Amino acid sequence: LAGIDIEHLEPLPSVEGYSAFGGYAGPGIKPVGLRCVAEIAQALPGVPIAGCGGIENWRDAVEYLCAGAWVTQIYTVVMEKGFDVIKELTAGLATYLLNKGFQRVSQLTGAILPKLIDHGALSLEYKVKASYHPDLCTRCGQCFIACEDTGFQAIRLDEQGYPRIVEENCDGCGLCVELCLVKGCMYLSNLV
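Cut-offs and rules
- The residue numbering used here restarts from 1 in each chain and proceeds along that chain's sequence as written.
- Only residues with pLDDT of at least 70 are given local features in this predicted model, and only at 80 or more are side-chain atom pairs given and counted; all residues enter the totals for whole chains, interfaces and linings.
- Calculation of side-chain values draws on the structure's entire complement of heavy atoms; hydrogens and water are dropped beforehand.
- Here, nonpolar core refers to any group of buried Ala, Val, Leu, Ile, Met, Phe, Trp, Tyr and Cys residues whose side-chain atoms link them within 4.5 Å.
- A 1.4 Å probe rolled over the protein chains alone gives each residue an accessible area, and that area as a share of the maximum for its type sets the label: buried under 20%, exposed over 50%, partly exposed in between.
- Numbered from the N terminus, helices here are DSSP runs of H or I no shorter than four residues, and strands are runs of E no shorter than two.
- Contacts: residue pairs with any heavy atoms within 4.5 Å of one another.
- Throughout, the arc means that of the directions going from the helix axis to the C-beta atoms.
- Disulfides are defined as pairs of cysteine sulfur atoms found within 2.5 Å of each other.

A. Region of interest: the nonpolar core. Among the nonpolar cores identified, the biggest contains twelve residues, and these are Ala-130, Tyr-132, Cys-137, Cys-143, Cys-147, Ala-154, Ile-155, Cys-170, Cys-176, Cys-180, Cys-185 and Met-186. Sorting the residues of this core by element identifies strand S5 (128–132) and helix H5 (142–150) as the ones contributing at least two each. With near-sequence residues (within four places) excluded, Cys-185 lies in contact with Ser-131, Tyr-132, His-133, Leu-136, Cys-137 and Cys-180. Counting eleven residues, the second largest nonpolar core, distinct from the first, contains Ala-38, Ile-49, Tyr-64 and Leu-113.

Printed below as a string of structure tokens:
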């Protein structure tokens, strides 16, 4: 359900006051799509699967392939950027395959499936902590706000506004990494 017009008490998009359930697309659906592809690939080995949902670039397509997709589909990104985005996707994928030494796209299909295990089998000894690249940091304070207001208080700002990680408070949740405005600035590092 896309939304509700609370002034007129109508579902959106409204067609003479009525609407219907629709689809969901874009980057927000990607984690769900990846899970669905992986679960289907695990349950039905050898069955061709088309991966779709939130593919905006070649990296997203590679993720779907690694999760078990045989092919990928795009839609929303074409609406946003036009058909030229397909050239970017195929060029990026071709470069990735070359750099990784793969001869065929099919070599990626299901590559991560053996590494998907039951949650209870994950090591409790593996610990990660937040860290950052000072040369990339814009000192926006977003990491501090997120960590301070979620209850961990694992990030402090120094006198110049750079983040300082309070390691004993950091549980490695990754919220700071997800909310950082500069891609690649915040990251999680393994302490083991």
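B. Inspection of H5 at higher detail. Of the positions making up H5, those classed as buried are Cys-143, Ala-146 and Cys-147. Viewed along the axis of H5, the buried residues span an arc of 90°, placing them on a single side of the element. Buried residues belonging to H5 abut strand S6 (155–157), strand S7 (163–165), helix H6 (175–179) and strand S8 (186–190). The positive-phi residue at the C-terminal boundary of H5 is Gly-151, with phi of around 105°.

C. Inspection of the state of the cysteines at higher detail. Applying the stated criterion across every chain yields a total of zero disulfides. The thiol of Cys-66 is unpaired, and the distance to the nearest cysteine sulfur, on Cys-52, comes to 17 Å. For the unlinked cysteine Cys-176, the closest cysteine sulfur is that of Cys-173, found at 6.3 Å. The exposure class assigned to Cys-176 is buried, which follows from its relative accessible area of 9%.

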